[in-house]
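Observations on the model geometry
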Amino acid sequence: GESVGLHLPTLSVQEGDNSIINCAYSNSASDYFIWYKQESGKGPQFIIDIRSNMDKRQGQRVTVLLNKTVKHLSLQIAATQPGDSAVYFCAENMGYGGSQGNLIFGKGTKLSVKP
Amino acid sequence: SQTIHQWPATLVQPVGSPLSLECTVEGTSNPNLYWYRQAAGRGLQLLFYSVGIGQISSEVPQNLSASRPQDRQFILSSKKLLLSDSGFYLCAWSSGGHPTDTQYFGPGTRLTVL
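This report concerns the structure included in the present document. Every value quoted in this text rests on a predicted model; they were computed, and no experiment measured them.

What counts and what doesn't
- Residues numbered from 1 in each chain as written.
- Chains lettered and ligands numbered in written order.
- Predicted model: local features only at pLDDT ≥ 70, side-chain atom pairs only at ≥ 80, totals over all residues.
- Heavy atoms only, no water.
- Pairing = 2+ DSSP bridges.
- Helix = DSSP H or I, 4+ residues; strand = E, 2+ residues; numbered from the N terminus.
- Axes fitted to C-alpha atoms, helices over the stretch in contact; angles between N-to-C directions.
- Buried < 20%, exposed > 50% of the residue type's maximum accessible area, 1.4 Å probe, protein only.
- Phe/Tyr/Trp six-rings, centres within 6.5 Å; stacked < 30°, edge-to-face > 60°.

Here we take up the sheet that holds strand β2 (residues 19–24) of chain A. All names here are of chain A. The four strands are arranged β2-β7-β6-β5 in an open sheet whose pairing can be described as antiparallel. Edge positions in the open sheet fall to β2 and β5 (56–58), since each of these has one partner strand only. With direction set aside, neighbouring strand axes in the sheet form an average angle of 15 degrees. Here six bridges tie β2 to strand β7 (residues 72–77), and the two strands are oriented antiparallel to one another. In the sheet register, Asn22 faces β7, and the bridge partner there is Ser74.

Set out below in structure tokens:
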């Protein structure tokens, strides 16, 4: 559903530590999930995606985990760097069960990396 | 490679004035195109999407309209802006083969209505 509130959850980590950003999605029929990174004043940038027939997918320094039982998605960033500071959004897509390409975005989490 | 452009980057307009935001995509044919709005500190809300020239679907009732006069051009318009139209407007494209094809976003337009 629509995100509410003006205060984003914030995660503050030390440079070099691992980060875990969590997201709860709303629709058990969702077929596809995406993580986006949005830096201040810029458009969202695709990071990684996962389909509902998988529970884990790895990219370069990032891993997405999907738990369909509890409708939970997480993004793990290894060896977090100052350039990782941004707002991270998860998005769900119902595929043919929804309107064409309708992404439903989560509230977003602001990641701050301390040097 | 594919690129997506939006202009202007920022815009300040008085209440009641018209609006035209433009989005163009390069390096792909027959993309799906999307307009989103992002209010401060919030996620993105889908406004319109288009699967082809002249084909527009509206997701929410509002003061805005969209048009797709060419395959890779998507325009967001308003005849009379409201204060509530302020926000960050994002255009996105996907390859159009499947609803779950990845959507890629443009740099956005920051609109302030005074």
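In any sheet, the strands associate via hydrogen bonds between backbone groups, in a parallel or an antiparallel arrangement. Residues and elements named next belong to chain B. The four strands are arranged β1-β3-β8-β7 in an open sheet whose pairing can be described as antiparallel. Looking at the sheet topology across the chains shown, the edges are occupied by β1 (3–7) and β7 (65–70). With direction set aside, neighbouring strand axes in the sheet form an average angle of 20 degrees.

Bringing the pairing of strand β8 (residues 86–93) of chain A into the picture now. Residue and element names in this part refer to chain A. The buried fraction of β8 is high, at eight of eight residues. Of the pairings in the sheet, the one linking strand β3 (residues 32–38) to β8 comprises seven bridges and is antiparallel in character. For Ile34, the partnering residue across the bridge sits in β8 and is Ala91. Pairing of β8 with strand β10 (residues 109–114), which is carried by three bridges, proceeds in the antiparallel orientation. Bridge pairing in β10 links Val87 to Lys110. Of the strand pairs in this sheet, β8 and strand β9 (residues 103–105) are connected by three bridges, and their pairing is antiparallel. When the sheet's bridge partners are listed, Ala91 is paired in β9 with Phe105.

Here we come to the packing of aromatic side chains. Scanning all chains against the criterion turns up 13 aromatic pairs over all chains. Ring centres 5.8 Å apart and planes at 35 degrees place the aromatic pair A:Tyr36 and A:Phe105 in the tilted group. With A:Tyr36 in strand β3 and A:Phe105 in strand β9, this pair connects stretches of sequence that are 69 residues apart. Neither A:Tyr36 nor A:Phe105 differs from the other in exposure class; each is buried. With centroids separated by 6.3 Å and ring planes inclined at 85 degrees, the aromatic side chains of A:Phe89 and A:Phe105 adopt a geometry described as edge-to-face. Note that A:Phe89 is positioned in strand β8 and A:Phe105 in strand β9, a separation of 16 residues in sequence. Residue A:Phe89 shares its accessibility class with A:Phe105, and that shared class is buried. Among the aromatic residues, ring-to-ring pairing joins A:Tyr36, A:Phe46, A:Phe89, A:Phe105, B:Tyr34, B:Tyr36, B:Tyr49, B:Trp93, B:Tyr104 and B:Phe105 into one connected group.

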